[in-house]
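Below, each chain spelled out in residue letters.
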Amino acid sequence: MHHHPENDPKYKGLTVNEGVSSPPVVNPYLQERKKRRNFTPAEYAEQIIKGNITLLSQAVTLVESQKSEHQAIAQEVIEKCLPYSGHSMRIGITGVPGAGKSTSIDAFGMYLIKERNKKLAVLAIDPSSERSKGSILGDKTRMEEISREPNVFIRPSPSAGSLGGVARKTRETIILCEAAGFDTVFVETVGVGQSETAVHSMVDFFLLIQLAGTGDELQGIKRGIMEMADGIIVNKADGNNIEKANLAATQYRNALHLFPLPPSGWSPKVMTYSGYYKNGIPEIWNMVYEYMDFVKGNGYFDFRRNSQAKYWMYESINEQLRNHFYQSPKIEKALKTKEQQVLNSEVSSFVAAKQMLDLYFRYNFN
Ligand code: GDP
């Protein structure tokens with residue numbers, strides 16, 4: 001530099017300085033974004049296990065993706081996380097729209113993280129969410145308090161696909177969340193369809209939120225849902241609704257007496273509370289923890305987890321077979337024609353199905 005003529009001490013003009021090297025990128029986040037798709041499954045798993053929420057979130061996006069290359073990465077990440085999973089308390093929460101699910105989850109969540117030092121993941125299963133555009137479940141704006149908490153991870157329902165597909169994705173997300181250190185997982189669903197069966201098949205405790213004061217308390221509640229419940233909690237027991245709530249609770253208790261004792265050996269409890277005023281919440285969680293001790297003691301906890309693992313293996317096989325069939329280009333095309341032939345009564349539904357399967361097997365396995 002000092003050989004530069006302009007740096008001669010006698011030189012009167014401007015001097016040339018050595019300058020600093022420019023930083024490699026202006027916006028460090030830009031580089032993060034570009035890198036995102038290039039993480040290896042091992043890197044995803046390593047970061048998730050360290051509790052990196054950004055990568056947890058991105059891995060869940062891969063789990064939810066329809067693209068087969070994303071699915072392939074997701075499956076590897078899940079496999080690597082599996083040894084670190086399983087250590088949470090998984091709670092299914094259901095109730096009709098308006099029962100107070102989001103209000104209650106907000107209140108339960110605050111109680112669990114503040115009073116019991118828990119890390120909470122809130123997931124949802126809502127197969128209708130694609131139709132209704134924008135999930136109504138697991139929506140952060142519905143759970144204002146917990147959505148501001150660092151120890152809470154909220155993820156709305158995966159939106160695409162069949163109930164089985166949506167449920168499988170949620171179950172896989174549970175594994176990732178557990179690996180990331182979440183020790184309590186809520187799976188929210190609407191108690192009006194088939195989705196609560198799917199939720200029941202992935203949780204340790206199934207909580208049914210009910211309302212009082214809607215006339216005949218037991219009307220409109222599907223027996224099946226009540227039979228699945230490990231606990232029934234009557235919400236909105238506040239103001240001049242307290243008596244009605246107590247009455248409803250008594251009616252639920254009486255109704256439950258008519259059911260046989262569930263395989264867990266646990267008689268489901270009925271309680272009243274107010275999610276909005278946060279009354280009766282510690283009592284509910286004492287009950288849930290009592291249940292956990294009970295089923296861990298009698299072996300039912302492991303039995304239920306094992307049956308669920310088996311169930312999901314078959315579910316996955318079914319789903320993948322179905323997808324493979326319907327996504328075969330040859331089948332996709334032939335189905336259109338075959339469908340028309342069925343509609344024109346040129347061929348029966350059963351014969352058409354057999355022809356399509358024959359075509360599928362010939363095409364794929366010869
Ligand atoms: P969701 O559809 O099941 O998620 O129900 P929300 O949590 O959105 O609650 C439905 C309505 O009931 C809202 O207007 C809540 O403010 C109200 N609500 C929820 N919990 C309570 C409660 O404990 N007491 C009273 N009085 N109202 C409540």
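Along each chain, residue indices are assigned from 1 in the same order as the chain's sequence is written. Predicted model: local features are reported for residues with pLDDT of at least 70 only, side-chain atom pairs are reported and counted for 80 or more only, and whole-chain, interface and lining totals are derived from all residues. Side-chain numbers come from the whole structure's heavy atoms, not from hydrogens or water.

### Things to note about the site of the ligand
Here's step 1: Here a residue counts as near a molecule or strand whenever at least one of its heavy atoms sits within 4 Å of it. Around the ligand, the structure places 15 residues, and the nearest of them are Lys 101, Thr 103, Arg 142, Lys 236 and Asp 238.
Here's step 2: Measuring from an oxygen atom of the ligand, one finds a backbone N or O atom of Lys 101 at 2.7 Å.
Here's step 3: Throughout this description, a polar contact denotes any pair of N or O atoms lying within 3.5 Å of each other; where both atoms belong to protein, one of them has to be capable of donating a hydrogen while the other can accept it, and for residues adjacent in sequence the pair is counted only when both atoms sit in side chains. In this structure, an oxygen atom belonging to the ligand sits 2.9 Å away from a main-chain N or O atom of Tyr 276.
Here's step 4: In the complex, the protein chains occlude 68% of the 580 Å² of accessible area that the ligand would expose alone.
Here's step 5: Looking at the shell around the ligand residue by residue, the classes come out as four nonpolar, seven polar and four charged. Computed with a 1.4 Å probe, the accessible areas rest on the Shrake-Rupley method; for each residue, only the protein chains presented here act as cover. Put simply, Ala, Val, Leu, Ile, Met, Phe, Trp, Tyr, Cys and Pro go in the nonpolar bin, Asp, Glu, Lys and Arg in the charged bin, and everything else, Gly too, in the polar bin.

### Concerning the pairing of strand β6 (residues 231–234)
Here's step 1: Both faces of β6 are covered, namely the face carrying Gly 231 and Ile 233 and the face carrying Ile 232 and Val 234.
Here's step 2: Pairing between strand β5 (residues 205–210) and β6: four bridges, direction parallel. Bridged to Gln 210 within β6 is Val 234.
Here's step 3: Strand pairing is assigned whenever DSSP detects at least two bridges linking the two strands. The numbering of helices and of strands both runs from the N terminus, where a helix is a DSSP run of H or I of at least 4 residues and a strand a run of E of at least 2. In terms of strand pairing, β6 meets strand β7 (residues 269–272) through four bridges, oriented parallel. Bridge pairing links Ile 232 to Val 270 in β7.
Here's step 4: Crossovers are marked right-handed if the path from the first strand over the helix to the second runs clockwise, as seen with the strands pointing away from the viewer. This β-α-β element, β6 to helix α10 (residues 242–257) to β7, shows right-handed connectivity. In this scheme, a residue with accessible area under 20% of its type's maximum is buried, one over 50% is exposed, and one in between is partly exposed, where area comes from a 1.4 Å probe on protein chains only.

### Observations concerning the packing of aromatic side chains
Here's step 1: For Phe, Tyr and Trp, where Trp contributes only its six-membered ring, two rings pair if their centres lie within 6.5 Å, and the inter-plane angle classes them as stacked under 30 degrees, edge-to-face over 60, or tilted in between. Within this structure, the stated rule accounts for 14 aromatic pairs.
Here's step 2: Ring centres of Phe 186 and Trp 285 lie 5.7 Å apart, and the angle between their planes is 15°; this geometry places the pair in the stacked category. Taken as a pair, Phe 186 in strand β4 (residues 184–190) and Trp 285 in helix α11 (residues 281–298) lie far apart in primary sequence, 99 residues in all.
Here's step 3: We classify Phe 186 as buried; its relative accessible area is 0%.
Here's step 4: Measuring from centroid to centroid gives 5.2 Å for Phe 325 and Tyr 360, while their planes differ by 65°, and the two rings are edge-to-face. Here Tyr 360 lies in helix α14 (residues 349–365) and Phe 325 lies in helix α12 (residues 300–327), a separation of 35 residues in the sequence.

### Description of the sheet that holds strand β2 (residues 120–125)
Here's step 1: Pairing within the open sheet is parallel, and its seven strands lie in the order β3-β2-β4-β1-β5-β6-β7. Each edge of the open sheet is held by one strand with a lone partner, namely β3 (152–154) and β7. Within the sheet, the average angular offset between the axes of one strand and its neighbour, ignoring direction, is 20°.
Here's step 2: Two elements, β2 and β3, share three bridges in a ladder whose sense is parallel. In the sheet register, Ala 121 faces β3, and the bridge partner there is Phe 153.
Here's step 3: Sheet strands in contact with helix α5 (residues 101–115) are β1 (89–95), β2, β3, β4, β5 and β6, and its direction is about 175° off that of β4. Whenever a helix is involved, its axis is fitted only over the stretch in contact; in every case the axis is a line through C-alpha atoms, and angles between N-to-C directions fall within 0 to 180 degrees. Contacts: residue pairs with any heavy atoms within 4.5 Å of one another.

### Thoughts on the nonpolar core
Here's step 1: Counting residues in hydrophobic clusters, the biggest one holds 52 residues, and the most contacted among them are Ile 48, Leu 56, Cys 81, Leu 176, Met 226, Ile 232 and Val 234.
Here's step 2: The element best represented in this core is helix α7 (residues 163–179), accounting for seven residues.
Here's step 3: Domain segmentation is taken from an automatic or database assignment of domains. If you count residues domain by domain, this core takes at least three from each of domain 1 (38–83) and domain 2 (85–312).
Here's step 4: Setting aside anything within four residues of it in sequence, one finds Ile 48 in contact with Leu 55, Leu 56, Ala 59, Val 77, Cys 81, Leu 176, Ala 179 and Ala 180.
Here's step 5: Only buried residues count toward a nonpolar core. Its members are Ala, Val, Leu, Ile, Met, Phe, Trp, Tyr and Cys residues joined through side-chain atoms within 4.5 Å. Residues Tyr 111, Val 152, Phe 186 and Tyr 300 belong to the second largest nonpolar core, which totals 37 residues.

### A closer look at the side chain of Arg 171
Here's step 1: Take Arg 171: it is sitting in helix α7.
Here's step 2: Residues scored as charged are limited to Lys and Arg (positive) and Asp and Glu (negative), so that His and the chain ends carry no count. Criterion for a salt bridge: a side-chain nitrogen of Lys or Arg within 4 Å of a carboxyl oxygen of Asp or Glu. In this structure, Arg 171 is buried with no salt-bridge partner, the nearest side chain bearing the opposite charge being Glu 172 at 7.6 Å.
Here's step 3: Excluding residues within four positions of it along the chain, Arg 171 makes contact with Arg 90, Met 202, Gln 308, Ala 309 and Trp 312.

### Some remarks on a nonpolar patch on the surface
Here's step 1: Judged by side-chain polarity, Met 313, Tyr 314, Ile 317 and Leu 321 come together as a nonpolar surface patch covering roughly 410 Å² of accessible area.
Here's step 2: Summarising the element assignment, Ile 317 is placed in helix α12. Only residues above 30% relative accessible area that lack a salt bridge enter a patch, with like-charged residues linked at up to 9 Å and the nonpolar side chains Val, Leu, Ile, Met, Phe, Trp and Tyr linked at up to 5 Å.

### Focus on the packing of α12 against α14
Here's step 1: Between α12 and α14, whose axes approach to 11 Å, the crossing angle comes to 90°. Taken as axis vectors, α12 and α14 run roughly perpendicular relative to one another. Between α12 and α14, the residues in contact are Leu 321, His 324 and Phe 325 and Met 356, Leu 357, Tyr 360 and Asn 364, respectively.
Here's step 2: Of the residues belonging to the contact of α12 with α14, the class tally is five nonpolar, two polar and no charged. Working rule for angles: under 35 degrees goes down as roughly parallel, over 145 as roughly antiparallel, 65 to 115 as roughly perpendicular, anything else as oblique.

### Points about the environment of Ile 146
Here's step 1: Along the chain, the position of Ile 146 falls in helix α6 (residues 144–147).
Here's step 2: Among the residues examined, Ile 146 registers a relative accessible area of 0% and is labelled buried.
Here's step 3: A C-alpha to C-alpha distance of 6.2 Å links Ile 146 and Met 110, two positions 36 residues apart in sequence.
Here's step 4: Residues contacting Ile 146, with those up to four places away along its chain left out, are Ile 105, Asp 106, Gly 109, Met 110, Leu 120, Val 122, Val 152 and Ile 154.

### Overview of the pairing of β5
Here's step 1: Here β5 lies mainly inside the structure; six of its six residues are buried.
Here's step 2: Residues Phe 205, Leu 207 and Ile 209 line one face of β5 and the alternating positions Phe 206, Leu 208 and Gln 210 line the opposite face, and both faces are buried.
Here's step 3: Here β1 runs beside β5; their pairing, made up of four bridges, is parallel. When the bridges of β5 are listed, Thr 94 appears paired with Leu 208.

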